[in-house]
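Okay, here's what each chain looks like letter by letter:
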Amino acid sequence: MWADLAPIGRHADSGGYRRYAWTGADADCRAWFRAQAEARGLAYETDRNGNQWAWLGDPLAGDAVVTGSHLDSVPDGGAFDGPLGVVSSFAALDELRARGVEFTRPLAITNFGDEEGARFGLACVGSRLAAGQLTKEKAYALRDADGISLPEAMAAAGYDPEAIGADPERLARIGAFVELHVEQGRALDLSGDAVGVASSIWPHGRWRYDFAGEANHAGTTRIADRRDPMLPYAETVLAARREAELAGAVATFGKIAVEPNGVNAIPSLVRGWLDARAADEVTLDQVIGGVRQAALAHAERHGVELAVTRESFTPVVEFQHALRDELTRILGEKTPVLGTGAGHDAGILSASVPTAMLFVRNPTGISHSPAEHAAEDDCTAGVLALADVLEGLACR
């Protein structure tokens, strides 16, 4: 499975993956998922929001145990973030069948669409739509860098954008959702464990900073006459780092757009996107407030206007304690339980259904990069742990 999936969407120069929503690479990933489902005799379907489902047992029976993750990527992302969870889900089902277990609840494997938000700027679009956390109106307003709207992209890929929206009937079928994911950090590497159980997801969000100045000639405009938005932007990047360090949080300006984007031109507009995360919302508010205050001060000093827009926000997610405790009981009380600063579909769905997560050791902690990695032995340990969990939940 891994060998078949690995070449899809891989960029020859960077070695990273560019599996963006509703593109050719995304279509190839979806075809792979369907082929895996049908090869196992599972009932395959796509829901109203483009999320893929593979069912063992009656989908309408209710109280189903669901596992899976996503197959899309960030720009030049790694091979494991998302796909490891989907591949491991199919492998865990194979393991359970080899054990000869008898299922007493329906089981489903899913691939949620557009989890990373690389194309339209909003993470977890497929699960947000299903959970009613993203309205059809707001989804229709999403556009990529080329101005193509989400419904236009869906229609071009052969899906009906008119159908998107909250899907409470489908979510009501789910009794538990367990997502396996490569750890995006080094906690397991430091503890010496191959697999861990998630406790919570830090609150996190994305903010867009628009610094508007005045375009002018880079060679003839006196320094004193400039209203250069690049300067307050650069100072705000440094301020974000300082605020995060002081609070024990993380804050990153990882994306920037410049107009007119000429080597010999002072910019008229610098637009930067801030990603910020912290262990609790009070701390996150402190960081965001500090960054904004610094940005306003720097913009004013340089004669630049500033607009700050919150594009997304996810509050702290405490995975259901009963389900989390059941996972640790099944896997052993010594299984580490750890929090994470990364968002996931399981976090979005936690407001609608009981959810839990398993993490597989990442020896370097590197993620969202071609260097992302997990050893084969650890991946196998993750499959066996997921199989144990699914057996404990769906075969009682």
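The rules behind these values
- Residues numbered from 1 in each chain as written.
- Predicted model: local features only at pLDDT ≥ 70, side-chain atom pairs only at ≥ 80, totals over all residues.
- Heavy atoms only, no water.
- Pairing = 2+ DSSP bridges.
- Helix = DSSP H or I, 4+ residues; strand = E, 2+ residues; numbered from the N terminus.
- Axes fitted to C-alpha atoms, helices over the stretch in contact; angles between N-to-C directions.
- Contact = heavy atoms within 4.5 Å.
- Buried < 20%, exposed > 50% of the residue type's maximum accessible area, 1.4 Å probe, protein only.
- Phe/Tyr/Trp six-rings, centres within 6.5 Å; stacked < 30°, edge-to-face > 60°.
- Lys NZ or Arg CZ within 6 Å of the ring centre and 35° of its normal.
- Core = buried A, V, L, I, M, F, W, Y, C linked by side-chain atoms within 4.5 Å.
- Polar contact = N/O pair within 3.5 Å; in protein donor to acceptor, adjacent residues only side chain to side chain.
- Left-handed = near helix turned anticlockwise from the far one by under 90°.
- Nonpolar A, V, L, I, M, F, W, Y, C, P; charged D, E, K, R; others polar.

Draft legend 1. A look at the sheet that holds strand β7 (residues 204-212). The strand order β9-β11-β7-β12 describes an open sheet built from 4 strands, whose pairing is antiparallel. Either end of the sheet is taken by a strand with one partner, and the two such strands are β9 (250-259) and β12 (305-314). This sheet shows a mean twist of 15 degrees between the axes of neighbouring strands, independent of strand direction. For β7 and β12, the ladder comprises 9 bridges, and the chain directions are antiparallel. The residue of β12 that forms the bridge with Trp207 is Arg310. The strands that helix α9 (residues 230-247) touches are β7, β9 and β11 (269-277); relative to β9, the one it contacts most, it runs at about 170 degrees. Of the strands in this sheet, β7, β9, β11 and β12 touch helix α10 (residues 281-301), which is tilted by about 5 degrees from β7.

Draft legend 2. Looking closely at the environment of Ala215. Mapping Ala215 onto the fold places it in the loop between β7 and β8 (216-217). A relative accessible area of 42% means that Ala215 is categorised as partly exposed. Taking the C-alpha atoms as reference points, Ala215 and Thr110, separated by 105 residues in sequence, lie 49 Å from one another. Aside from chain neighbours lying at most four places away, what touches Ala215 is Pro260, Ile266, Pro267 and Ser268.

Draft legend 3. Region of interest: the packing of aromatic side chains. Counting across every chain of the model gives 12 aromatic pairs. Ring geometry for Phe211 versus Tyr233: centroids 6.2 Å apart, planes at 75 degrees, classification edge-to-face. With Phe211 in strand β7 and Tyr233 in helix α9, this pair connects stretches of sequence that are 22 residues apart. With relative accessibility at 8%, the residue Tyr233 sits in the buried group. Following the ring pairs from residue to residue traces out a cluster consisting of Trp32, Phe33, Tyr44 and Phe90. One Lys or Arg, Lys255, reaches over the ring of Trp273 and ends 4.5 Å from the middle of that ring.

Draft legend 4. Local environment of the nonpolar core. The biggest cluster of nonpolar side chains holds 49 residues, and the ones touching the most others in it are Trp32, Phe33, Phe90, Leu327 and Leu358. Counting residues per element, this core draws most heavily on helix α13 (residues 376-394), at 9 residues. Apart from the residues lying within four places of it in its own chain, the contact partners of Leu358 are Val178, Glu179, Leu180, His181, Gly196, Val197, Leu327, Leu331, Ala385, Leu386 and Val389. Formed by 22 residues, the second largest nonpolar core is a distinct cluster that contains Tyr209, Phe211, Phe253 and Ile288.

Draft legend 5. Seen up close, the side chain of Thr328. Tracing the backbone through its elements, the reader meets Thr328 in helix α11 (residues 321-331). One polar contact links the side chain of Thr328 to the main-chain carbonyl oxygen of Asp325, over a distance of 2.8 Å. Look past the residues within four positions of Thr328 in its chain and what remains in contact with it is Val197, Glu333 and Val337.

Draft legend 6. Highlighting the packing of α11 against α13. Axis separation between α11 and α13 bottoms out at 9 Å; the angle between their running directions is 115 degrees. Here α11 and α13 pass one another in a crossing that is right-handed. Contact residues: α11 offers Leu323, Glu326, Leu327, Ile330 and Leu331, while α13 offers Ala385, Asp388, Val389, Gly392 and Leu393. Tallied by class, residues from the contact of α11 with α13 come to 7 nonpolar, 1 polar and 2 charged.

Draft legend 7. Representation of unusual backbone geometry in the model. A cis amide bond links Glu259 with the next residue in sequence, Pro260, at an omega value of 0 degrees. Inspection of the secondary structure puts Pro260 in the loop between β9 and β10 (265-266). The phi torsion at Asp76 lies on the positive side, around 55 degrees, for a residue other than glycine. Mapped onto the fold, Asp76 is located in the loop between β3 (64-69) and α3 (83-99). For His368, which is not glycine, the phi dihedral falls at a positive 55 degrees.

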